[in-house]
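Structural characterization, general
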Amino acid sequence: MIKEEMVQRLRDVLIWERFRVGELRRVCRENNLPFQDIPQTRENLLQVLQDATWQARGIPVWRLPSLILAFGVLDQVDALEGKDVEELAWLCEKRGLPVEDEPEQEVLAERLRTVVVWEHLPLEELQRECEVMGVPIGLDPAHEQQQQRQQEEGLSGTKRGFMWRGAVATDKTEQRELVRRLSELFWQAPPAPSASGLLPPDDPGFAEQV
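What you see is a predicted model; the values in this text were computed from it and never measured.

Side note on the overall build of the chain
A count of helices and strands for the chain gives 10 helices and zero strands. Start at the N end of the chain and walk to the C end: the helices and strands fall as α-α-α-α-α-α-α-α-α-α. Sorting the 210 residues of the chain into buried and exposed places 40% on the buried side. Within the chain, counting contacts between residues at least 6 apart in sequence, those at least 24 apart form 58% of the total. Here the chain has roughly 12,600 Å² of accessible surface; of this, 52% comes from carbon and sulfur atoms.

Next comes the structure, spelled out in structure tokens:
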């Protein structure tokens, strides 16, 4: 789905917001979306339709911090789809991702799209992704001790400000490390299924996937 089609789907969402429950059920049926096992309210049915719109582009919007960030991810995904094989291969190598001897554009773009989504997930969602994929969570103990020492050394100055910045820096460091660990899965064959494609927690099929 190209960006123009995505914009059209988002326009559809605005139209769906005016629909009654019966009309929303019809749209869900026409799009073969699972909705029978959830409470038949406008809010739930609209959520199913909205999530499906983003999921069509491989973007789990319900797992991202905001819709604004989701559009930022969408822009990056669109940019990837417009690049040729050589550019995509360079981006994969830059991120330490595998590149086959005869790479295919769609495979490389999908690989990079998955990493882009990982890079924008909140830490809690990224940790959950690791749990589903069987990737260990947490920084190396030596690294954590170093972070702790740096925070303690800075407490003689502006304590609260440093502690807050230190916590943010630690989270960012852990996010980068978890993305690196997840990215290593691409070197395995076949790769484990990504939790980025999981349905939202309120979907009836969610429990079966995890």
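Some remarks on the packing of aromatic side chains
Applying the stated rule across the entire model yields two aromatic pairs. Judged by centre distance (5.1 Å) and plane angle (80°), the rings of Trp 54 and Phe 71 are edge-to-face. Of this pair, Trp 54 sits in helix α3 (residues 42-55) while Phe 71 sits in helix α4 (residues 67-81); the two residues are 17 residues apart in sequence, bridging distant segments of the chain. Relative accessible area serves as the criterion here: at 3%, Trp 54 is assigned to the buried category. A centroid spacing of 5.7 Å and a plane angle of 40° characterise the contact between Trp 118 and Phe 186, whose relative ring orientation is tilted. Separated by 68 residues along the polypeptide, Trp 118 in helix α6 (residues 105-120) and Phe 186 in the loop between α9 (159-183) and α10 (206-209) bring together distant segments of the chain. Both residues of the pair, Trp 118 and Phe 186, belong to the buried class.

About the thresholds
- Residues numbered from 1 in each chain as written.
- Predicted model: local features only at pLDDT ≥ 70, side-chain atom pairs only at ≥ 80, totals over all residues.
- Heavy atoms only, no water.
- Helix = DSSP H or I, 4+ residues; strand = E, 2+ residues; numbered from the N terminus.
- Buried < 20%, exposed > 50% of the residue type's maximum accessible area, 1.4 Å probe, protein only.
- Contact = heavy atoms within 4.5 Å.
- Areas by Shrake-Rupley, 256 points an atom, 1.4 Å probe, with all protein chains shown as cover.
- Phe/Tyr/Trp six-rings, centres within 6.5 Å; stacked < 30°, edge-to-face > 60°.

Limitation: the analysis is restricted to geometry and does not speak to function.
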